Amino acid sequence: MLDRKSGAVGMLVKSALVLSVTLASSTVLSTSTFAETTLSIYGGANFSPHSRVEYHNSLTNTTTTTAVGWDGASFKMPPYYGVRATWWLDSAPEFGVALDFTHAKVEAAPLPAGFTTLEFTDGINYLTVNAMYRWDMGNGFTPYVGLGAGLTIPHVEVEAPGILQGRTFEYQVTGLAAQALAGVSYQFDDNWSMFGEIKTNYGVVNARLFGGDTLKTNIINNQVIFGFTYKLF
């Protein structure tokens, strides 16, 4: 069984993080210390290696751990996509802060024995705050890197008749997330640029299932993306 005290502490940490993101965003939008604000949209493909999955039936008090392979299912509707707002500092324009939302996807392939559904295809979503650094090459090309942390927000879809008590089909905040990225953008007019990027997310999934059952795993999500950025001001 999940430890209630640990669960309460985890929820406090998550709530504090959400509050921090909200306050940081409000500060960004209300300060003049940021010289440039951009909005990016992107698509692409995501890939995840195997992970260990632990599931617990609270009625029978049994816990099972198994290795699960994941298919990225990047183009299964709704497809992989993301949105990012970035604020670059006035005093040091090579440094910035970004708020990034990524809608990635994974589904078990093959399904573990006894499961009829094990997937996060309506999204294993990540909301992160990133520290950014860029190099202006003076020729339109700008390489950049980023590193950040935030929350894992999957749509939990799990069903295993005879193993777990019932079907779970809902969005949850399941744990913390980390993100690292590197890319290069090319500015083709005063406001618009395009970019290519590789990105990795590490997401903690401590999912609450029907009837008090649980499912735990940590998913690494590697992504190759392409997108467009608009300079707001």
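Participant: Please explain the pairing of strand β5 (residues 81–89) as it appears in this structure.
Facilitator: Along a regular strand, successive side chains alternate from one face of the sheet to the other. When β5 meets strand β6 (residues 95–108), the two strands line up antiparallel, connected through 8 bridges. Note on β6: the bridge partner recorded for W87 is V97. Taking the residues that link successive antiparallel strands as the turn, the β5-β6 hairpin has 5 residues.

Participant: I keep staring at the pattern of salt bridges and nothing clicks. Help me out?
Facilitator: Within this structure, the stated rule accounts for 6 salt bridges. Here E119 makes a salt bridge to K76, at a shortest N to O gap of 3.6 Å. With E119 in strand β7 (residues 117–134) and K76 in the loop between β4 (70–71) and β5, this residue pair connects regions lying 43 residues apart in the sequence. Classification of E119 as buried rests on a relative accessible area of 14%. Because the salt bridges share partners, they merge into one network encompassing R84, D100, E197 and K199.

Participant: For this particular structure, what's the right way to read the nonpolar core?
Facilitator: Soluble globular proteins tend to bury their nonpolar side chains together. Ranked by size, the top nonpolar core spans 31 residues in total, and within it W70, L118, F120, I124, V158 and I219 carry the most contacts. Those elements that place two or more of their residues in this core are β2 (51–57), β6, β7, β8 (141–159), β10 (175–187), β11 (192–208) and β12 (214–231). No other element matches β7, which puts 5 residues into this core. Residues in contact with I124, not counting those within four places in the same chain, are T102, A104, K105, V106, T152, I153, P154, V205, I219 and N221.

Participant: Is there a simple way to think about the side chain of E119 in this case?
Facilitator: Only 2.4 Å separates the side chain of E119 from the side chain of T121, close enough to count as a polar contact. The residues touching E119, leaving out its near neighbours within four places in the chain, are K76, V106, E107, H155, V156 and E157.

Participant: So what exactly am I meant to see when it comes to the environment of D100 here?
Facilitator: If you trace the backbone, D100 turns up in strand β6. In this structure, the C-alpha to C-alpha distance between D100 and T128, residues 28 residues apart in sequence, is 5.3 Å. Ignoring any residue separated from it by four or fewer positions in sequence, one finds D100 in contact with Y42, V83, R84, Y126, L127, T128, N130, Q179 and K199. Within polar-contact distance, the side chain of D100 engages the side chain of K199 at 3.2 Å.

Participant: It is not clear to me how the confidence of the model for the chain should be interpreted in this structure. Could you clarify?
Facilitator: Residues shown with low pLDDT carry predicted positions that ought not to be read at fine detail. Summary statistics for the chain give a mean pLDDT of 87 and a share of 86% for residues scoring 70 or more. The model gives residues 1–16 a pLDDT under 50, and that stretch makes 8 contacts with residues more than four places away or in other chains. Counted against residues more than four places away or in other chains, residues 26–31, with its pLDDT under 50, gives 3 contacts.

Calculation criteria
- Residues numbered from 1 in each chain as written.
- Predicted model: local features only at pLDDT ≥ 70, side-chain atom pairs only at ≥ 80, totals over all residues.
- Heavy atoms only, no water.
- Pairing = 2+ DSSP bridges.
- Helix = DSSP H or I, 4+ residues; strand = E, 2+ residues; numbered from the N terminus.
- Salt bridge = Lys/Arg side-chain N within 4 Å of Asp/Glu carboxyl O.
- Buried < 20%, exposed > 50% of the residue type's maximum accessible area, 1.4 Å probe, protein only.
- Core = buried A, V, L, I, M, F, W, Y, C linked by side-chain atoms within 4.5 Å.
- Contact = heavy atoms within 4.5 Å.
- Polar contact = N/O pair within 3.5 Å; in protein donor to acceptor, adjacent residues only side chain to side chain.
- pLDDT = per-residue confidence, 0-100.

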